[in-house]
Amino acid sequence: MSLSTPTASAGAAAEPVAQRSVTVLGLGPMGRALADAFLSAGVRTTVWNRTPGRDRSLKERGAVGARTAEEAVAASDLTVVCVVNYEAATAILSRPAVADALTGRTVVNLTAGTPDEARATAVWAADHGVSYLDGAIMTPTTTIGTPDGVFLHSGPADLYHAHRPVLDALGGTHTHLGPDIGRAAGHDVALLDIFWTAMTGYAHALAVARAEGITARELAPFAKGIGAILPPLFDRIAADVDDGTYSGESSTLTSAASSMAHIAHASEAHGIDSGVIRAAEGLARRAVERGHGADGFSRVAELLGRR
Ligand code: NDP
């Protein structure tokens, strides 16, 4: 599986401005940020949104506001889709007039979804003569058009490279993850899994802390310290999991399960829902019961992956 090294955007000089154009379908916060970045880079930008009126500020900045999705996609060789989910993306793209107008053109779908949804959309695109790249945005709207944006792409390499000059207008780093169209969404769900479980842990921590008379502001500096422990752990656990070592040298699963039980007890003593930490404790205990108590927490990843 080929993996392009993440490359920072080359900037607007990659191709003469006059040759670059794009259509953006979906003008939620992210779609608007994408369209805004294209406009800032001098790309001719056509926009459309299901609910009218969301294009006002973009039109003031020079965007062309299309009346219909078919009119929008007909305006550019490249259409970027960014709506709430694949169901919404499919509702737009599969309308016969839109599908007809897209024939012979390219869609880059930056909507968040599952690998299977990406693969199904690629099948639909192939059936309709539409070139298709799937993608994922891993950073918030405020990073779009700045060096901090992170974009993942998957699908045919030649298609990706052909459209890089326009995608570069979004700034940040772009990584082509290979021809398997589901790979960007695969990364997206795995990375958002980390994000949302961590955010849920933080929300639970704030509730328990509050019940103990600790304000969120008081906890925040220490919470950041806990967060800072994670990046080096990600590297260590990655090696552990890929190499199958599951080392418990610095901390064991037995100890982790015990620590999680304390958190659950403290939570339950205040009548606070302990479901998330109890689920984590349950996984650790299952690994211990199967004889892995002396292993590190990384063993849980292996256990979860067993069929
Ligand atoms: P939303 O996820 O709220 O999506 C809003 C957009 O989806 C609007 O354009 C909305 O149109 C459209 N939409 C919803 N349902 C339909 C439908 N049935 N048919 C047509 N259009 C529909 O806003 P965002 O812009 O924030 O997110 C867009 C995508 O970007 C999502 O997949 C999100 O996960 C992803 N993303 C967002 C980030 C962020 O920071 N916001 C960060 C990284 C990724 P209407 O106005 O008509 O309702």
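Reading the values: rules and limits
- Residues numbered from 1 in each chain as written.
- Predicted model: local features only at pLDDT ≥ 70, side-chain atom pairs only at ≥ 80, totals over all residues.
- Heavy atoms only, no water.
- Helix = DSSP H or I, 4+ residues; strand = E, 2+ residues; numbered from the N terminus.
- Buried < 20%, exposed > 50% of the residue type's maximum accessible area, 1.4 Å probe, protein only.
- Contact = heavy atoms within 4.5 Å.
- Areas by Shrake-Rupley, 256 points an atom, 1.4 Å probe, with all protein chains shown as cover.
- Lys, Arg positive; Asp, Glu negative; His and termini not counted.
- Charge placed at Lys NZ, Arg CZ, Asp CG, Glu CD.
- Arc of directions from axis to C-beta.
- Core = buried A, V, L, I, M, F, W, Y, C linked by side-chain atoms within 4.5 Å.
- Near = heavy atom within 4 Å.
- Polar contact = N/O pair within 3.5 Å; in protein donor to acceptor, adjacent residues only side chain to side chain.
- 1 Å grid on protein atoms, 1.4 Å probe; cavity = no way out; pocket = protein on both sides within 12 Å on 5 of 7 lines; lining within 4 Å.
- Sits in = over half its atoms within 2 Å of the grid points.
- Axes fitted to C-alpha atoms, helices over the stretch in contact; angles between N-to-C directions.
- Parallel < 35°, antiparallel > 145°, perpendicular 65-115°, else oblique.
- Left-handed = near helix turned anticlockwise from the far one by under 90°.
- Phe/Tyr/Trp six-rings, centres within 6.5 Å; stacked < 30°, edge-to-face > 60°.

1. Some details on the overall build of the chain
For the chain, the helix and strand inventory stands at twelve helices and nine strands. Once the C-alpha set of the chain is aligned to its principal axes, its extents read approximately 60 × 45 × 35 Å. For the chain, with 307 residues in total, the buried portion stands at 40%. Taking all contacts inside the chain whose residues are at least 6 apart in sequence as the whole, residues at least 24 apart take part in 65%. Roughly 15800 Å² of accessible area belongs to the chain as shown, and the carbon and sulfur atoms make up 59% of that amount. Put simply, the chain has 25 plus and 32 minus side-chain charges, and the middle of one group is 5 Å from the middle of the other.

2. Here we look at helix α11 (residues 275-292)
Every buried residue belonging to α11 is among I277, E281, A284, A287 and H292, and all of these are buried. Seen end-on, α11 carries its buried residues on one side only, within an arc spanning 120°. Close packing links the buried residues of α11 with α8 (183-211), α10 (253-269) and α12 (299-305).

3. Here's the deal with the nonpolar core
Within the largest apolar cluster, 30 residues are counted, with the highest numbers of intra-cluster contacts made by L34, F38, I137, I144 and L170. Where this core is concerned, the elements lending two or more residues are β2 (21-25), α1 (29-40), β5 (78-81), β7 (131-137) and α7 (157-167). Among residues more than four places away in sequence, those in contact with F38 are V22, V24, V43, T45, V80, V166, A169 and L170. Counting 25 residues, the second-largest nonpolar core is a separate cluster that includes V73, V98, A118 and Y132.

4. What about the site of the ligand?
M30, N49, R50, T51 and R54 are the nearest of the 21 residues found near the ligand. For the ligand, an oxygen atom lies 2.6 Å from a polar atom in the side chain of N49. Its free accessible area being 880 Å², the ligand has 72% of it covered by the protein chains. One can see that the ligand is located within the second largest pocket. Elements with a minimum of two residues in the shell around the ligand: α1 and α4 (86-93). Among the elements that make up the shell around the ligand, the one with the highest residue count is α1 (three residues).

5. Re the environment of A120
Mapped onto the fold, A120 is located in helix α6 (residues 115-127). Residue class for A120 comes out partly exposed when judged on its relative accessible area of 48%. Distance in space between the C-alpha atoms of A120 and L159 is 18 Å, their sequence separation being 39 residues.

6. Points about the packing of α8 against helix α9 (residues 216-243)
Axis separation between α8 and α9 bottoms out at 11 Å; the angle between their running directions is 150°. As summarised for this structure, α8 and α9 are arranged roughly antiparallel, according to the angle between their axes. Helix-helix and strand crossings are classified by hand; for α8 and α9 the assignment is right-handed. Where α8 approaches α9, its residues I194, Y202, A205, L206 and A209 are matched on the opposing element by A216, L219, A223 and F234.

7. Some remarks on the packing of aromatic side chains
Per the counting criterion, the structure on display carries one aromatic pair. Ring geometry for F195 against W196: centres 4.9 Å apart, planes inclined by 75°, an arrangement best described as edge-to-face. Relative accessible area serves as the criterion here: at 39%, F195 is assigned to the partly exposed category. On the basis of relative accessibility, which here comes to 53%, the residue W196 falls in the exposed class.

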